[in-house]
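Spelled out from the first residue to the last, the chains are:
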Amino acid sequence: DMLESLGHRLEPGNNVTINLEPDTRAEVDDLYARLSEGGDPSQCQPPMAMFWGGYYATAMDRFGLRWMFNCAEAPD
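Residues numbered from 1 in each chain as written. Predicted model: local features only at pLDDT ≥ 70, side-chain atom pairs only at ≥ 80, totals over all residues. Heavy atoms only, no water.

Within the largest apolar cluster, nine residues are counted, these being Val28, Tyr32, Cys44, Tyr55, Ala57, Ala59, Trp67, Phe69 and Cys71. Of all the elements in the fold, those that place two or more residues in this core are α1 (25–36), β3 (55–60) and β4 (66–71). Beyond its immediate chain neighbours, meaning those up to four positions away, Ala59 contacts Tyr32, Ser36, Gln43, Cys44, Leu65, Arg66, Trp67 and Phe69. (Core = buried A, V, L, I, M, F, W, Y, C linked by side-chain atoms within 4.5 Å. Buried < 20%, exposed > 50% of the residue type's maximum accessible area, 1.4 Å probe, protein only. Helix = DSSP H or I, 4+ residues; strand = E, 2+ residues; numbered from the N terminus. Contact = heavy atoms within 4.5 Å.)

What follows is the structure, encoded as structure tokens:
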């Protein structure tokens, strides 16, 4: 979903997002840290609690691949 109206620009690598559904929030934090390292920080959304109840993040890695993480684990 690359929307020009939101300032998105289609480029090789950002036309697909790999979705992971970790079991714990700690796994989301770890995966986000590892995959966003060396990537484009302007394309990253750090992990945070979302309105639908999930713990969510997005990252673009150093190879230009987009990642999305969503965890349904309830907060402590």
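On inspection of all chains with the given rule, the structure shows zero disulfides. Free cysteine Cys44: the closest other cysteine sulfur is in Cys71, separated by 19 Å. The buried category is assigned to Cys71, whose relative accessible area is 0%. (Disulfide = S-S within 2.5 Å.)

With that out of the way, let us pick up the pattern of salt bridges. For the coordinates displayed, the defined rule picks out one salt bridge. A salt bridge links Asp30 to Arg34, with the nearest nitrogen and oxygen atoms 3.0 Å apart. Within this pair, Asp30 and its partner Arg34 are both found in helix α1, separated by four residues, close to a single helical turn. The class of Asp30 is partly exposed, set by a relative accessible area of 37%. Among the residues examined, Arg34 registers a relative accessible area of 60% and is labelled exposed. (Salt bridge = Lys/Arg side-chain N within 4 Å of Asp/Glu carboxyl O.)

Sheet topology places strand β2 (residues 45–49) next to β3; three bridges connect them, and they run antiparallel. If you follow Gln45 over to β3, its bridge partner there is Thr58. Between the end of β2 and the start of β3, which pair antiparallel, lie five residues, with Gly53 showing a positive phi angle near 100°. (Pairing = 2+ DSSP bridges.)

The subject of this paragraph is the sheet that holds β3. Read across the sheet, four strands follow the order β1-β4-β3-β2 without closing on themselves; strand pairing throughout is mixed. The sheet terminates laterally at β1 (17–20) and β2, the two strands that pair on one side only. Ignoring which end each strand starts from, the neighbouring axes of this sheet average 15° apart. Note: β1 against β4, four bridges, orientation parallel. If you follow Asn19 over to β4, its bridge partner there is Met68. Of the strands in this sheet, β1, β2, β3 and β4 touch α1, which is tilted by about 10° from β3. (Axes fitted to C-alpha atoms, helices over the stretch in contact; angles between N-to-C directions.)

With five of six residues buried, β4 is to be regarded as a mostly interior element. Strand direction decides the pairing type here: β3 and β4, joined by six bridges, are antiparallel. Residue Ala57 lies in a different strand from β4, and its bridge partner there is Phe69. The antiparallel hairpin formed by β3 and β4 contains five residues in its connecting segment, where Gly64 sits at a positive phi of about 85°.

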